[in-house]
Amino acid sequence: MENINEKFATIEKDLLAPVKWGKKSIIWMGFLMVTLVVCMFFYYQQIRNGLGVTGLNDFVSWGIYISNFVFFVAASLIGMLISSVLGLAGSKWIMPISRIAEIIAVSFAMVAGLIIISDMGRPDRLHHVFLHGRIQSPIIWDIAIVLTYVAVSVLLLYVPLIPDIALLSKKQNGLPRIQKWMYKILSLGWANHPNQYKLIKKYFKLLAVLIIPIALAIHTVTSWLFAMTLRAGWDSPIFGPYFVSGAFVAGCAAVTIGMYFFRTSYNLKSYITDYHFDKMGKLLVLVALVYVYFNINEIIVPAYKLKGGEAEHLKSMLFGHDALMFWLVQIGGLVLPFILLLFKKMRKPLPSLIISSVILLGAWFKRYLIVVPVQQHPYYPIQNVPDSFMHYTPTIAEIAITVASFVLFLIIATVLSKIFPIIPIWELKEEVKEQIQ
Amino acid sequence: MNKKFYILFTLVCLSFSLIAQESWEVIAEENDNLSIIMFDEELELSGQIIYDNSCKSCHGNPEKADFSKMLPEPGDIASESFQNQTDGSLHYKIRIGRGAMPKFEDALDSEEVWNLVAYIRSFNKNYIQKKPNLEGIVIPKFSLALSFDENIDKLVVKTIGDDNNPMSEVELKAYIKGSFGNYLLGKTLTNEMGIGYFNVDAKMPGDAEGKLEVIVKARKGYGSAKTMQKMIMVQPSTFESAIKGRHLWSTAKQAPIWLKVTFFFTIISIWLMILYVVFGLKKLKKYS
Amino acid sequence: MGNKEKGKQSRRKFLQNIGVAGVGAISAPAILFTACSSSSDKKTKVLTPDNKLIEIDSENGLAIDTTDKSYLNKIGREGIPGKKFVMVIDLGKCRNERKCMKACQSEHQLKPEQHHLNVLEMENPSSGQTYFMPKLCQHCDNPPCVTVCPVDATFKRQDGIVLVDNERCIGCRFCIAACPYSARTFNWTEPRDSEEYKDITYNMELNVPQKKGTVTKCAFSADRIREGKLPYCNSACPNGVYYFGDANEDLVTNGTTKETVRLSKLLKQNSAYTLMPELGTQPSVYYLPARENS
C-alpha cells in the first residue's frame, strides 16, 4: 500500500509539472502569436482586395486552402482511431497517448472549420449558410458534420479529463486565479465517488461509439466535395475510403510527432516509451499498407483505360507537369517510409519522428495533388485568358494564410496541453493499481 | 516570297470585292421603287431600332466606319457608296440579300425596310426624298379574312376588295408568331376566288387550346394589308415548368423528401445523443 | 424590334392622301408580358409588381423598372412562365469574329479575361481541321452546378434558365468545380468599372453590378428576352451563328438574319448534338456540327 501511494505521488508530480506557464512555453506562445499576427495581415489584405491576392483563377479555383482543409480534416480523424477504435477493441498501450491523439484531433478539426472560411469569396455572408442552407449541397453536409465532429471530439476529450481537472483544482498551486476558477467549474463537483467513475466511463463509451460513424462521415463527406462533381479525376466512387485510409496515415504520423515533442519537452520519457513508438510505428505500417492499396486502385484502374478526360490528367500526373511531385509523394512520402518502418530500429523515437515528418509532409502534398492538377485539365481547353491561368502557383499571401492555420493549430494544441495534463492521470493510476493487484 | 504572295492575294481579294460591289445590279423596276410614305423622324426612329437589332452587328455604328472586317466589306451606311444608291436599290438589297448579307424579306415587312431606308437617309443632309408618281395608278384596297380548314390542315386566307368581291393575284405571306420572330408558313398568290392556302404542320405545338397566333401580310401593287389572329389550328399542348418536381438541383424548399428525412434525422439524433451526455454530466454533482 | 403602337402609322404623312387598307393593323412582334416599348420616345411601359401598367423613363433602353430591387429579385427568380429557352449554335458559320464575346463582356461588366461566352478553337480529332466553338453556360436541365450550391445562390427557373444571385453567393466556388463545361467565372478582385456601377440597383437577370467575391456566368440574357429581344451575343453576331427561341413553341430565331425556323427540323436536318451528353447534364444549348471545308 505504501508502494502504491508513492507511485501515485510520482505520477502526479511528473504529470502535473508541465501544467503551468513556464518561461519556455511563454516564449513559444509569444513566437506563435507574432507569427499569427503577421500571417493575419495577409488575411486582412485578402478581405480587402478579394481572393485576387491568391494564385487562384477561373480554372484552378480551389487551391491550397482547400487541399489544406482536406489535410486538416484528415489529420483530425486520428482521435477516433486511437481512442475509439483501439480503445474499444481493448488495446491497453494507447492509454498514455490517447489524450495526445484527442488534442491533435480537436485542434485540427477546429482549425479546419476556419480554413473553409478563409477560402470563401464572401466570408461576410457566412450566415447565408444557416439562413438559406440547401441540404442537397455536400458543403452543407460538411459544415453540419464538422460542427458535430468538433462537439463530439471536445466531449471525448473532456469527459475523461474531469477527474484530472478535479485533481488540478485541488493540488496545482501557483496558477492564475482565473485558471483555478475554470478548473473548479469544469470539474463538475468531482469527488472520486465510484458512481462518478461509473458515469464517466459510461459516457465515454457512448461517445467513443458515436464518434466512429461521425469521423468516417466527416472525411467521406469531404471527399464527396470532389467525388460528387463530374470532373475527370475526381469523379471516383472510391474517394470516400481512399480519403479515410489516407487520413489515418496522416493522423498516425501527426500523433507520432506529437508524442516525440511532448515526451522531450514535458519530460515524459518514462511514460511515453520506446514501446509506444514501436506500437505506433506498427500501426503506421498497417494504415500505410491500406492506403497504398487504395492508391493503386485509384491510379491503376483509370490508367488502364485512359478514358477521355482522365487520360490527360493522369499523363500529366505520371509523366508530365506534376510528375515530380507525384512520385516524390508516392515513393518518398508513402512507400519508402512504409518499408523503413518494417524494421524495428526505425521504430525508435528519433527515426520515427523523422519518418513521420516525411510522411506528414507527403500527406500534405498528396492533398495538393488530389485537389489542384485535376482542375488544370478541364474538359474544354483553357483559351482567351492570360497565361497565368494555365497553371496555378500559390502566392505569398496564400502561403502565409495557410501557415496561419498551422500556427493556430499549434496554439490550440499548446494551450490545451498546458492547461491539462497530457497523459490521463487517473487512468494511469488505475492501471498501476491493476498491475499491483 | 511569302510577303509578295500575301500582297498579291490581298489585292486579288480586294479587287474581287470591289468588282463584287460594283456588280450588285438591281433590276430597273426595283431600282426605281419609291416609298409612298414620307420619311420623318418617326420612321427614322423605328428604322434605327431595326438597324440596332439586325444590321449593327455587321455595319457598325453609322458614321464611325466600324463595320465588321468581312469580304466584301459591309460598309458604313452613312458612306457615299450607300447614299448614292436609289431608295429602291437599298430597299431591294435589304430584302433580297447576297452572300454574307442576309435576306431580310421574310423577317421584315416592306414598311419596316422603308423605315430602314429612312434611317439610312437620315445621315445624308442633302437627301431629298423622291416622290412616286401615283397619277393614274389605282391603289387596291382589300381586307383579309382568316379561317382554318382542319380537314386538310390548311390555313385559308380570303382577300376581299372594298367592293366586296374577292381579289385575286394578291401576294400573301403567312407567319406563326414566335417569341423572338415570326415563322414563315409560306408565300402564295390568291386564286381567282381570292383565296390563298397555307399548309400548317399539325405537329406544331400550340397553346393550351391548340391556338397559334397567325400573322398574314398581303400586298398588291401599292396596296397592302396585314392581320393578326389567334386561331385553333393544332393539338392543345401543356407545358411543364422546367423545375417541376423535387430534384437534387431544386431549391432548398423543393429538396427531395428522402434527403430531408435522412439528413435531419441523422443530425438531430446525433445532437440528441450529444445533449444526453452534456446534461448527463450534471448528474456528477449528485455524488459530490 | 420596333414595337409600334396601334395607330402610330395613322399620324404619318402620306405623300398623297390615299388610304392603304389594312396598314395600321398589328405589326408588333414578340412582346413578353412586361414590356411594350414605343418607338418614338424614351418612355417605356412596364408592368409593376402589382400589375399596373406604368410609363417609365428608359434612356438606356431597359424596359423594366430597374430601381425596384424586390421586384427585380422576384421576377429574376421566377422566370417567364410557359417558356423553355434554348439556343442553337451553328459551328459551320462561326468565323471567330468574337463580336458576341465583346457584346457579352460589355453588357455584363466583365473584364477581358472573364468570359460568360468564350469562343474556343477546337480541333476535329479525325480530320485535324480546326473550328471555332462559342462555349457558354449550357443551362442544363440537370445542372450539376445548381445541385452543389449550398445557399440557393445559383438556381434553375421555370423557363429553364440557370441564374446566379450575386447577393446570395458566398463565393465557395463549388459550382465552378462542379461545372464540366468551365462555363463559370469568378470576380477575384473588384469588378470592372465598379465605381461607375456602384449606385445601380442589382438586376439579377443581367447580373449587374458584378460583385467582388462572387461567381458570375451566362444568363441567356434573361433581361433581354424578357423584353422580347434576342440575347446580346445573338444580336451581335455578324455571321448568323446563333439561333435562340422557345422550345415550347418549337421556334428559334436567328440572331443575325432574324429568320425564324422550326427547332426540331433545324436540329434533325443538321444532326445537332449537345456537349458531353454522356454526363447526363441535358444542356439547353445545341450545336450544329462544323461542316468540312466550310
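Residues numbered from 1 in each chain as written. Chains lettered and ligands numbered in written order. Predicted model: local features only at pLDDT ≥ 70, side-chain atom pairs only at ≥ 80, totals over all residues. Heavy atoms only, no water.

K.L.:
Sorry, what's going on with the nonpolar core here?
P.N.:
One recurring pattern in soluble globular proteins is that nonpolar side chains are buried together. In this structure, A:Tyr149, A:Phe226 and A:Met280 are the most contacted members of the largest nonpolar core, which totals 171 residues. Broken down by element, this core gets its largest block of residues, 16 residues, from helix H11 (residues 239-265) of chain A. The contact partners of A:Met280, leaving out residues within four places of it in the chain, are A:Ile82, A:Trp93, A:Ile97, A:Cys252, A:Val255, A:Thr256 and A:Met259. Residues C:Tyr131, C:Phe155, C:Ala219 and C:Phe220 belong to the second largest nonpolar core, which totals 46 residues. (Core = buried A, V, L, I, M, F, W, Y, C linked by side-chain atoms within 4.5 Å. Buried < 20%, exposed > 50% of the residue type's maximum accessible area, 1.4 Å probe, protein only. Helix = DSSP H or I, 4+ residues; strand = E, 2+ residues; numbered from the N terminus. Contact = heavy atoms within 4.5 Å.)

K.L.:
Would you take a moment to explain the sheet that holds strand S1 (residues 142-149) of chain B for this structure?
P.N.:
Residue and element names in this part refer to chain B. If you trace the three strands from one edge of the open sheet to the other, you get S1-S2-S5, paired in antiparallel fashion. Of all the strands in the sheet, the pair left with one neighbour each is S1 and strand S5 (195-199). Averaged over all pairs of adjacent strands, the angle between strand axes in this sheet comes to 20°, irrespective of strand direction. (Pairing = 2+ DSSP bridges. Axes fitted to C-alpha atoms, helices over the stretch in contact; angles between N-to-C directions.)

K.L.:
How should the interface of chain B and chain A be read in this particular structure?
P.N.:
Interfaces are frequently sized by the accessible area removed from exposure as the parts join. Between chain B and chain A, the contact holds 28 residues from the first and 30 residues from the second. Across the chain B to chain A interface the summed buried area is about 2,400 Å²; carbon plus sulfur atoms make up 79%. Together, B:Leu281, B:Leu284 and B:Tyr287 form the three largest contributors to the area buried by chain B at its contact with chain A, with a combined 27%. Where chain B meets chain A, there are zero salt bridges. Here chain B and chain A share eight residue pairs in polar contact (both at pLDDT 80 or more) between them. Looking at the side of chain B that touches chain A residue by residue, the classes come out as 19 nonpolar, six polar and three charged. (Buried area = accessible area lost by both parts, 1.4 Å probe. Salt bridge = Lys/Arg side-chain N within 4 Å of Asp/Glu carboxyl O. Polar contact = N/O pair within 3.5 Å; in protein donor to acceptor, adjacent residues only side chain to side chain. Nonpolar A, V, L, I, M, F, W, Y, C, P; charged D, E, K, R; others polar.)

K.L.:
What is the right way to look at the packing of helix H8 (residues 162-171) of chain A against helix H9 (residues 177-186) of chain A in this model?
P.N.:
When two helices pack together, their arrangement is given by the angle between their axes and by how far apart the axes lie. Residues and elements named next belong to chain A. Running from N to C, H8 and H9 cross one another at 140°; their axes reach a closest spacing of 8 Å. Here H8 is positioned oblique relative to H9, judged by the angle of their axes. Between H8 and H9 lies a crossing whose hand is left-handed. In this structure, H8 uses Ile162, Ile165, Leu168 and Ser169 to contact H9, whose residues at the interface are Lys180, Tyr183, Lys184 and Leu186. (Parallel < 35°, antiparallel > 145°, perpendicular 65-115°, else oblique. Left-handed = near helix turned anticlockwise from the far one by under 90°.)

K.L.:
Mind showing me how you'd approach unusual backbone geometry here?
P.N.:
One can expect most non-glycine residues to show negative phi and most peptide bonds to be in trans. Following C:Val208, the chain continues to C:Pro209 via a peptide bond in cis, the omega torsion being 0°. Relative to the assigned elements, C:Pro209 resides in the loop between helix H5 (194-197) and strand S10 (215-217). One non-glycine residue, B:Glu63, lies in positive phi territory at about 70°. In this structure, B:Glu63 sits in the loop between helix H4 (56-59) and helix H5 (80-83). On the basis of relative accessibility, which here comes to 59%, the residue B:Glu63 falls in the exposed class. One non-glycine residue, C:Asp152, adopts positive backbone phi at about 60°. By the element assignment, C:Asp152 lies in the loop between helix H3 (144-148) and strand S7 (154-156).

K.L.:
Can you walk me through the domain arrangement of chain B in this structure?
P.N.:
Residues and elements named next belong to chain B. Here chain B is partitioned into domain 1 (2-121) and domain 2 (142-232). For domain 1 and domain 2, the distance between their C-alpha centres works out to 30 Å. If you look at the interface, domain 1 gives seven residues, while domain 2 gives nine residues. Between domain 1 and domain 2, a total of about 710 Å² is buried, with carbon and sulfur atoms accounting for 35% of that surface. Connecting domain 1 to domain 2 are six salt bridges. Measuring nitrogen to oxygen at the nearest pair gives 3.0 Å for the salt bridge that ties Asp109 to Lys226. The interface formed by domain 1 and domain 2 holds six residue pairs in polar contact (both at pLDDT 80 or more) in total. Across the side of domain 1 that touches domain 2, the residue classes break down as two nonpolar, one polar and four charged. (Domains from an automatic or database assignment.)

K.L.:
Help me understand the pairing of strand S3 (residues 171-177) of chain B, please; the structure alone is not making it clear to me.
P.N.:
Each regular strand carries side chains that alternate between the two faces of the sheet. All names here are of chain B. Of all seven residues in S3, six are buried; the element is thus mostly enclosed. Here S3 runs beside strand S4 (residues 182-189); their pairing, made up of seven bridges, is antiparallel. Its bridge partner lying in S4, Ile176 is registered against Tyr183. Counted along the chain from S3 to the antiparallel partner S4, the turn is four residues long. Bridging between S3 and strand S6 (residues 211-220) involves six bridges; their strand directions are antiparallel. Residue pairing for S6: Leu172 is matched across the bridge by Ala218.

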